[in-house]
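Structure at a glance
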Amino acid sequence: MFRPTVAHIDLAAVRHNFRLAQQCAPGCKVVAVIKANGYGHGAVPLAQTLATEADAFAVACLEEAIELRMADIRNPIVLLEGFFSAAELPAIAHYQLTPVIHNAQQLAQLQTGAIQSPLTVWLKMDSGMHRLGFPPADYAAAYSTLSRCNAVQHIVLMSHFACADELDNPFTTQQLATFTAHCRGLSGAISLANSAAILAWPATHGQWIRPGLMLYGSSPLDRVTANSQALQAVMQLQAQVISIREVAPGEGIGYGGRYRCPRLTRVGVVSIGYADGYPRHAPDGTPVVVKGQRTQLIGRVSMDMITIDLTHLPQVVLGDTVELWGKQLNINEVAAACGTLSYELLTRLNQRVPLQYESC
Ligand SMILES: *Cc1c(COP(=O)(O)O)cnc(C)c1O
């Protein structure tokens, strides 16, 4: 590896965050959500790190589950979108995966599919998010069909929250009430809580919690809480200062000359760009950290480089490390500056940025 652009992954921090999720919901089982390559952190190393502690893992699709099975991960694996066609059923049975059943077509396919050893399935209700799940009024009927299905051994009752990150929004309580009302009389463990609900809505915890983002040390909540503050950043995204120059007042920097230097400006060029997944729409002022000091992006993000202001940092020299987000710079701050979420920043990084694992 020659290019000095790398994402350091602190596996001890993952373990810390996992245990924090457990402490937030004492007695609950935990499905560690590692879809989308573990939110960009590498699904297999994460699964290996948590294999002895996680009651299950969750991924988005069969391909992601098979990757884990191929790496010898034996924990139950929940497929959060179930299956997209009946052609997946033999593999789901073979790898003993746990599909979410969220529509009538899946239900019918499960009934007719030849599955030798029965599966645990998660039955999803649409309690108000209106994305996946059975309408509340149809839920008990779907449950009853499933419970008579030969392919099914065990049913977990689930739903998903639309607004749990908004601490003043009553919609989470409303969704919980809808779910509870339409589960009356159905037996089975309950799973509702994503990271936001784990951190902030204890009434929703049920028997299985589903932490995703919080495992990676970023809080989804719209304000800081004691729990969210205890999270540890897992990824440190680093690049290097590869050029330094002084630019005269009035001159523009980078494509389109978007940033005009208001005074004599010391400009650092840094080895990361939008082809790595750093957001091209990052505006002037997006924070970065160099040698422990905060500074900011000036000028448009290029394919392979960005430019930052070093005017007030004369001690910075060629070859110094720049942190784009991580332990010194909360990714949520970068996301806010870019008008997006840490979820997107983490998952849009690509293979051009090598992942380097530390302290397992
Ligand atoms: C992704 C996902 C989660 C995890 O959500 P976070 O906000 O990352 O904690 C939980 N449940 C379902 C159904 C999901 O799709």
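These notes cover the structure that comes with them. All values derive from a computational prediction rather than experimental measurement.

**What to know about the site of the ligand**
Around the ligand lies a shell of 13 residues, among which Lys35, Tyr39, Ser195, Leu213 and Tyr343 are the nearest. With respect to the ligand, the side chain of Lys35 contributes an N or O atom lying 2.7 Å from an oxygen atom. At 2.5 Å, a side-chain N or O of Tyr39 approaches an oxygen atom of the ligand.

**Section: helix H4 (residues 62-70)**
Within the sequence span of H4, burial applies to Leu62, Glu64, Ala65, Leu68 and Arg69. Along the axis of H4, the buried residues cluster in a sector spanning 160 degrees; they form a single face. Those residues of H4 that are exposed and aimed more than 90 degrees away from the buried face are Glu63 and Met70. Each element contacted by the buried residues of H4 is listed here: helix H2 (35-39), helix H3 (43-50), strand E3 (56-59), strand E4 (77-79) and helix H5 (89-94).

**Considerations on unusual backbone geometry**
Although it is not a glycine, His130 adopts a positive phi angle of roughly 60 degrees. Mapping His130 onto the fold places it in the loop between strand E6 (119-124) and helix H7 (136-147). According to the relative accessible area criterion, His130 is exposed, its value standing at 64%.

**Structural notes on the environment of Met235**
Structurally, Met235 is set in strand E10 (residues 235-247). Setting aside its immediate chain neighbours within four residues, Met235 contacts Ala7, His8, Ile9, Gly40, His41, Trp325, Gly326, Leu346 and Leu349.

**Overview of the packing of helix H1 (residues 11-24) against H3**
When two helices pack together, their arrangement is captured by the angle between the axes and the distance separating the axes. At a closest axis distance of 10 Å, the pairing of H1 and H3 adopts a crossing angle of 60 degrees. Regarding the angle of H1 to H3, the classification is oblique. Considering only the axes of H1 and H3, their crossing is right-handed. In this structure, H1 uses Leu11, Val14, Arg15 and Phe18 to contact H3, whose residues at the interface are Pro45, Leu46, Thr49 and Leu50. For the contact of H1 with H3, the per-class residue count stands at six nonpolar, one polar and one charged.

**Looking at the state of the cysteines**
Per the counting criterion, the structure on display carries zero disulfides. Unpaired in this structure, Cys149 has its nearest cysteine sulfur neighbour in Cys183, at a distance of 19 Å.

**Some points on the nonpolar core**
Judged by nonpolar contacts, the single largest core of 118 residues is most densely connected at Leu68, Leu110, Leu324 and Trp325. Sort the elements by how many residues they give to this core and H1 lands first, with seven residues. Setting aside its immediate chain neighbours within four residues, Leu110 contacts Phe83, Leu89, Ile101, Ile115, Val121, Leu146, Cys149, Ala151 and Val152. Counting six residues, the second-largest nonpolar core is a separate cluster that includes Val247, Tyr259, Val267 and Ile298.

**A short note on the packing of aromatic side chains**
Taken as a whole and judged by the stated rule, the model has five aromatic pairs. Here the aromatic rings of Tyr39 and Tyr216 are separated by 4.7 Å at their centres, their planes lie at 20 degrees, and the arrangement is stacked. Separated by 177 residues along the polypeptide, Tyr39 in helix H2 and Tyr216 in the loop between strand E9 (208-209) and helix H10 (226-229) bring together distant segments of the chain. Pair check on accessibility: Tyr39 and Tyr216 agree, each one buried. Ring geometry for Tyr39 against Tyr343: centres 6.2 Å apart, planes inclined by 40 degrees, an arrangement best described as tilted.

**A few points about helix H8 (residues 171-183)**
Helix length check: H8 (13 residues) gives 18 Å between terminal C-alpha atoms against 18 Å at 1.5 Å per residue, within 8%. Turning to H8, its buried residues number three or more, namely Thr172, Gln175, Leu176, Phe179 and Cys183. In an axial view of H8, the angular spread of the buried residues amounts to 100 degrees, which keeps them on one side of the axis. Packing partners of the buried residues in H8 comprise H7, strand E7 (152-158) and strand E8 (190-191). Two residues or fewer past H8, Gly185 is found with a positive phi of approximately 90 degrees.

**Brief notes about the side chain of Asn169**
Its location among the elements puts Asn169 in the loop between E7 and H8. Among the polar contacts made by the side chain of Asn169, one reaches the side chain of Glu166 at a distance of 2.8 Å. One polar contact links the side chain of Asn169 to the main-chain amide nitrogen of Phe171, over a distance of 2.9 Å. Beyond its immediate chain neighbours, meaning those up to four positions away, Asn169 contacts Cys163 and Trp201.

Conventions adopted
Residue numbers here run from 1 along each chain, matching the order of that chain's written sequence. It should be noted that, the model being predicted, local features are given only for residues of pLDDT at least 70 and side-chain atom pairs only at 80 or more, the latter also being counted only at that level, while totals for whole chains, interfaces and linings use all residues. Each side-chain value is worked out from all heavy atoms of the structure, with water and hydrogens disregarded. Near is defined per residue: the residue qualifies when any heavy atom it owns lies within 4 Å of the molecule or strand. Whenever a nitrogen or oxygen atom comes within 3.5 Å of another N or O atom, the pair is scored as a polar contact, on the condition that within protein one atom can donate a hydrogen and the other can accept it, and that pairs from neighbouring residues in sequence are kept only if both atoms are in side chains. Three labels apply to residues, based on accessible area from a 1.4 Å probe with only protein chains included: buried if under 20% of the type maximum, exposed if over 50%, partly exposed otherwise in between. Starting at the N terminus, helices and strands are each numbered in turn, a helix being any DSSP run of H or I of at least four residues and a strand any DSSP run of E of at least two. Working note: the arc is built from the helix axis to C-beta atom directions. For this analysis, residues touch if any pair of their heavy atoms sits within 4.5 Å. Only C-alpha atoms enter the line fits that serve as axes; for helices the fit covers just the stretch in contact. Angles between N-to-C directions range over 0 to 180 degrees. In these notes the angle categories are as follows: under 35 degrees is roughly parallel, over 145 is roughly antiparallel, 65 to 115 is roughly perpendicular, and the rest is oblique. Each helix crossing is assigned a hand: it is left-handed if the near helix lies turned anticlockwise from the far helix by less than a right angle, otherwise right-handed if that turn is clockwise. Residue polarity follows a fixed list, in which Ala, Val, Leu, Ile, Met, Phe, Trp, Tyr, Cys and Pro are nonpolar, Asp, Glu, Lys and Arg are charged, and the others, Gly among them, are polar. Disulfides are defined in this document as cysteine sulfur pairs within 2.5 Å. Working definition of a nonpolar core: buried Ala, Val, Leu, Ile, Met, Phe, Trp, Tyr and Cys residues. They are joined through side-chain atoms within 4.5 Å. Paired rings are identified among Phe, Tyr and Trp, the last through its six-membered ring, by centres lying within 6.5 Å, and are further divided according to the angle between planes into stacked (under 30 degrees), edge-to-face (over 60) and tilted (the rest). Between the first and last residue of a helix there are one fewer steps than residues, each counted as 1.5 Å, and that sum is the expected span.

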